[in-house]
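Close look at the chain arrangement
Single-letter residue listing:
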Amino acid sequence: MVGTPEVLPPSTSVGIVGWLKANLLSSPVNVALTVVVGTLTAIAAVAMARWLVSADWSPIHESLKLFLVGQYPSEELWRIGAVVVGATALMGVSWAVWGGVMRTFARIVAAAGLIVALTPIEPAGFDLAVRLWYLGSAASVALGFAVGRAASLGPKWVIRAWALAFFLGMALIWGFDERSLGSSLRMLFGAGATLTVVLAGAGWVGRFPLAVVLRWLAWGWAVVFVVTIVMAWGLGQTDLAPRVNTSRWGGLLLTFVLAIVGIVASFPIGVLLALGRRSRLPVLKGLSVAFIELVRGVPLVTLLFMTVVIVPLFLPQGTSFDLVLRAVFAITLFSSAYMAENIRGGLAAVPLGQIEGAKALGLGGFQTMLFIVLPQALRAVIPAIVGQFISLFKDTSLVVIVGLLDILGIGKSLFLGNVRWFGAQAEVYLFVAAVFWVFTFAMAYASRKVEESLGVGSR
Amino acid sequence: MTSESSENRTESIVCRDVHKWFGTFHVLRGLSVTIYQGEVVVVFGPSGSGKSTFIRTINHLEDHQRGEIVVNGVALTHDVRNIDAVRRDVGMVFQSFNLFPHLTVIQNITLAPRRARKWSRERAEATAVELLERVHIAELADKYPAQISGGQQQRVAIARALAMQPKIMLFDEPTSALDPEMIKEVLDVMRELATSGMTMIVVTHEMGFAKEVADRMMMFDEGTIIESGTPAQIFDNPQNDRTKLFLSQIL
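Basis of the calculations
Residues numbered from 1 in each chain as written. Chains lettered and ligands numbered in written order. Predicted model: local features only at pLDDT ≥ 70, side-chain atom pairs only at ≥ 80, totals over all residues. Heavy atoms only, no water. Helix = DSSP H or I, 4+ residues; strand = E, 2+ residues; numbered from the N terminus. Rg over C-alpha atoms; globule rule 2.2 N^0.38 Å. Buried < 20%, exposed > 50% of the residue type's maximum accessible area, 1.4 Å probe, protein only. Contact = heavy atoms within 4.5 Å. Areas by Shrake-Rupley, 256 points an atom, 1.4 Å probe, with all protein chains shown as cover. Lys, Arg positive; Asp, Glu negative; His and termini not counted. Charge placed at Lys NZ, Arg CZ, Asp CG, Glu CD. Pairing = 2+ DSSP bridges. Axes fitted to C-alpha atoms, helices over the stretch in contact; angles between N-to-C directions. Expected span 1.5 Å × (residues − 1). Parallel < 35°, antiparallel > 145°, perpendicular 65-115°, else oblique. Nonpolar A, V, L, I, M, F, W, Y, C, P; charged D, E, K, R; others polar. Buried area = accessible area lost by both parts, 1.4 Å probe. Salt bridge = Lys/Arg side-chain N within 4 Å of Asp/Glu carboxyl O. Phe/Tyr/Trp six-rings, centres within 6.5 Å; stacked < 30°, edge-to-face > 60°. Lys NZ or Arg CZ within 6 Å of the ring centre and 35° of its normal. Core = buried A, V, L, I, M, F, W, Y, C linked by side-chain atoms within 4.5 Å. Patch = residues over 30% accessible without salt bridge, like charges linked within 9 Å, V, L, I, M, F, W, Y side chains within 5 Å. Polar contact = N/O pair within 3.5 Å; in protein donor to acceptor, adjacent residues only side chain to side chain.

Within chain B, the regular secondary structure consists of nine helices and ten strands. Taking 251 residues into account, the globule formula puts the C-alpha radius of gyration at 18 Å, and chain B, at 18 Å, falls close to it. Residues counted as buried form 56% of the 251 residues belonging to chain B. Long-range contacts, defined as pairs at least 24 residues apart, comprise 67% of the intrachain contacts of chain B with a sequence gap of at least 6. For chain B, the exposed area adds up to about 10800 Å²; of that, 46% sits on carbon and sulfur atoms. When the 27 positive and 32 negative side-chain charges of chain B are each reduced to one mean point, those points stand 6 Å apart.

Next comes the structure, spelled out in structure tokens:
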């Protein structure tokens, strides 16, 4: 049998040589570009390496606590630890229930916790107790995973647990005192009244049977009562978790509080504004358009200044309205206007046939919106929504100008307030940038993965 | 069906002098027609003659501006409660299926019974499984609409409409968007449905189906019914010249 012998392809078309030839040296112009870009990269790399060797990380090393939690009292730091451990435990549960991107995140968080707990570096105040908290957060991921697996919880329960954790976490970070009894009672009636109106309205619009609406109301009031009594009366009388004034919050803690509350609050408001803008009721539509266009036409910095100066004018004399709350208020308003426009785009993308299909089945307007239109609309705009969340996260650093010290503010105050560190600006900024990058990249990654997993049947 | 038996049958849909305009375009020009329970009516005619608009007024996807439409004894007015009540008893199948792409086949079918009829999940799913068997695609319950063929999608749409246990089914050109080899599977399901005694109004140009299944055929032109009768009368002895011309063009 004489066949054509198998000949290997020329060595210049495969392997590293082939790749170089195809991508870097395919033409004289490309050769020249490769040489120029290569030289510039090398110069930059050498400069960077030289700087890294002589870099002074002492501001970060000695003020890590400031970067993480600002002036939060040291003896109350266990509360932050408890919130973090609770969150990592829930990540473990979410990993067990959803897998996917939650698995990746939970593993990275557990690994990071473990590495930090065992690291040989010892920044100021990084004692055994702190190491144990980090170890605990790593362990709680595993524990949460085990619990999630054993209990085979449904996704509904995990979402409820996250929602509960959000409120409990915020309450624990803020704390309670005797004075909060009065304000909690006011909150009780405020929340209860709002709840009644909202549920009755939803029941009426959605035409749910009276029995169902009454059951919701009973549940709602029960939760409001229990939470208020436990918080104000139980915890307020003890010094278990005394109020920590928000003026002492700072660093990454403040950045996170601003971003998370902003995201959680601006999303539903954005949905309502988007629906309002597409409403056929002229007053509702007009108000939504006016709000969106007004807020979008103003820089966030201006909104921050305005809430600091203007909001107090609307409050009764003597009421002090917390600076952090005002910042959250401004960020939420700002973000919800952009969110509304993103979601409006998604709503417009849902074909009319979908609405006709739902109506022909006898679904009411509210149900059609809730089960047919919104899920498709939101899916279509996940990238835009997450993009808005990422902007919001980064924009929280603007609160520096109303006197709050988020992680960037802490960094700035460090080298402005300490002559010794004045030369270490680059290190501080690089550290802050790296922290922002890690979280924004995680958000972008999660968005991409969620999009992929929801891609099934989207066409 | 012969005319003398119609005297003792129950009226299902009654239209009296129904008019509708799209802007200034007079699309329905005084329709008066009564459809009885269990009747299968095929509606045909040139495009733009108002046949789709006619069946879309019956479940109020289009509102009429003059005249009266009574469906199962309920008059269609602007009262939202009446409209929703009528829609729950009138199933509709669209030319473009209109399945919900973010839900699986079984979720598509169970959504309306659970949310609009407040059935338990178990009851809704049991009904859905039965219906999927009835349209011969029980194995597709957990697929998404994008993962199945057009003919299968249209059969899911039929099952979805049937899940609300309607008294009347409306079909708006159900096979027009399908490849020829899938048309048959959909028509077979519709034929079975007709045999079961369902009141049906079908807008279609599938004349073989009409000849075999219809009790009555209606020729639409310029917003009115210009001729109606049994398939035998329409095919063998059409009276109106336009009916003759139209049939000669499509047969």
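Of regular secondary structure, chain A possesses 20 helices and zero strands. Counting all 459 residues of chain A, 37% fall into the buried class. The contacts in chain A between residues at least 6 apart in sequence include a share of 77% that link residues at least 24 apart. As presented, chain A carries roughly 25800 Å² of accessible surface, and 74% of it is formed by carbon and sulfur atoms.

This part takes up the sheet that holds strand β10 (residues 224–229) of chain B. All names here are of chain B. Across the sheet, six strands lie side by side as β6-β7-β8-β3-β9-β10; this open sheet has mixed pairing. At either end of the open sheet lies a strand with only one pairing partner, and these are β6 (90–93) and β10. The sheet shows a mean angle of 20° between the axes of neighbouring strands, taken without regard to direction. Packed on one face of the sheet, helix α6 (residues 180–195) meets β3 (40–44), β7 (168–172) and β8 (199–203) and runs near 150° to β8.

It is worth spelling out helix α7 (residues 128–151) of chain A at this point. Residues and elements named next belong to chain A. Taking 1.5 Å per residue as the helical rise, α7 with its 24 residues ought to reach 34 Å, and the 33 Å between its terminal C-alpha atoms agrees with that figure. When α7 is considered as a whole, its buried residues turn out to be Arg131, Ser137, Ala138, Ser140, Val141, Gly144, Phe145 and Gly148. Looking at the packing, one finds that the buried side of α7 touches α5 (77–98) and α6 (100–118). Just past α7, the residue Ser152 takes up positive phi, approximately 35°.

Let us look at the packing of helix α19 (residues 407–417) of chain A against helix α20 (residues 425–454) of chain A. Residues and elements named next belong to chain A. At a closest axis distance of 10 Å, the pairing of α19 and α20 adopts a crossing angle of 170°. Our classification of the angle between α19 and α20 gives roughly antiparallel. Packed against α19, whose contacting residues are Ile407, Leu408, Gly411, Lys412 and Phe415, the element α20 presents Gln425, Val428, Tyr429, Val432, Val435 and Phe436 at the interface. Partitioning the contact of α19 with α20 into residue classes produces eight nonpolar, two polar and one charged.

Okay, the pairing of strand β4 (residues 66–71) of chain B next. Residues and elements named next belong to chain B. Pairing of strand β1 (residues 11–22) with β4 involves five bridges; the strand directions are antiparallel. For His19, the partnering residue across the bridge sits in β4 and is Arg66. Alignment of β4 against strand β5 (residues 74–75), held across two bridges, turns out to be antiparallel. Bridged to Val71 within β5 is Val74.

Turning to unusual backbone geometry, a few remarks are in order. All names here are of chain B. At Asn98, a position not held by glycine, the phi torsion is positive, near 55°. For Asn98, a relative accessible area of 7% gives the class buried. A positive phi angle, close to 65°, is found at His136, a residue other than glycine. Mapped onto the fold, His136 is located in the loop between α4 (121–134) and α5 (150–162).

Listed per partner, the contact involves 27 residues of chain B and 24 residues of chain A. Between chain B and chain A the total buried area reaches about 2300 Å² when both faces are included, carbon and sulfur atoms providing 60% of it. Summed over the shared surface of chain B and chain A, the result is one salt bridge. Close ionic contact of B:Arg56 with A:Glu356 constitutes a salt bridge, the shortest N to O distance being 2.5 Å.

With that out of the way, let us pick up the packing of aromatic side chains. Within the structure shown, the criterion is met by 16 aromatic pairs over all chains. Centre to centre, the rings of A:Phe256 and A:Phe439 are 4.9 Å apart; their planes meet at 80°, and the pair counts as edge-to-face. Taken together, the residues span a long stretch of sequence, with A:Phe256 in helix α11 (residues 251–277) and A:Phe439 in helix α20 at a distance of 183 residues. An aromatic cluster of three or more residues is present, and its members are A:Phe256, A:Phe393, A:Phe436 and A:Phe439. For A:Arg160, the ring lying beneath its charged end belongs to A:Trp157, and the centroid distance is 4.6 Å. The ring of B:Phe100 has B:Arg160 lying over it, and the distance from NZ or CZ to the ring centre is 4.4 Å.

Of all hydrophobic cores here, the largest spans 62 residues; its most connected members are A:Phe67, A:Tyr72, A:Trp249, A:Leu253, A:Leu258 and A:Val399. If sequence neighbours within four positions are ignored, A:Leu258 has contacts with A:Val324, A:Ala327, A:Val328, A:Ile331, A:Leu392, A:Thr396 and A:Val399. Listed in part, the 50 residues of the second largest apolar core include B:Ile106, B:Leu178, B:Ile183 and B:Met217.

This part takes up the side chain of B:Thr104. Residues and elements named next belong to chain B. Within the element layout of this structure, Thr104 appears in the loop between β6 and α3 (105–116). A relative accessible area of 10% means that Thr104 is categorised as buried. Once residues within four sequence positions are removed from consideration, Thr104 is found in contact with Ala141, Asp142, Lys143 and Tyr144.

Residue and element names in this part refer to chain A. There is a patch of nonpolar side chains on the surface, built from Ile16, Trp19, Leu20, Leu25, Val31 and Val35 and spanning about 570 Å² of accessible area. The set of elements that each furnish at least two residues to the nonpolar patch consists of α1 (15–23) and α2 (28–54). When residues of the nonpolar patch are assigned to their parent elements, the largest contribution, three residues, is made by α1. Here Val35 shows up in helix α2.

Moving on, we get to the environment of B:Glu68. Residue and element names in this part refer to chain B. Tracing the sequence through the fold places Glu68 in strand β4. On a C-alpha basis, the gap between Glu68 and Arg16 in space is 5.2 Å, while along the polypeptide they are 52 residues apart. Among the polar contacts made by the side chain of Glu68, one reaches the side chain of Arg16 at a distance of 2.5 Å.

In this section: a positive patch on the surface. On the surface, A:Lys156, A:Arg160, B:Arg115 and B:Lys118 cluster together into a patch of positive charge. By the element assignment, B:Lys118 lies in the loop between α3 and α4. A relative accessible area of 37% places B:Lys118 in the partly exposed class.

Inspection of the secondary structure assignment puts B:Asn98 in the loop between β6 and α3. At a separation of 2.9 Å, a polar atom in the side chain of B:Asn98 contacts the main-chain carbonyl oxygen of A:Gly353. If sequence neighbours within four positions are ignored, B:Asn98 has contacts with A:Gly353, A:Gln354, A:Gly357 and B:Arg160.

Worth remembering: the numbers are spatial, not functional.
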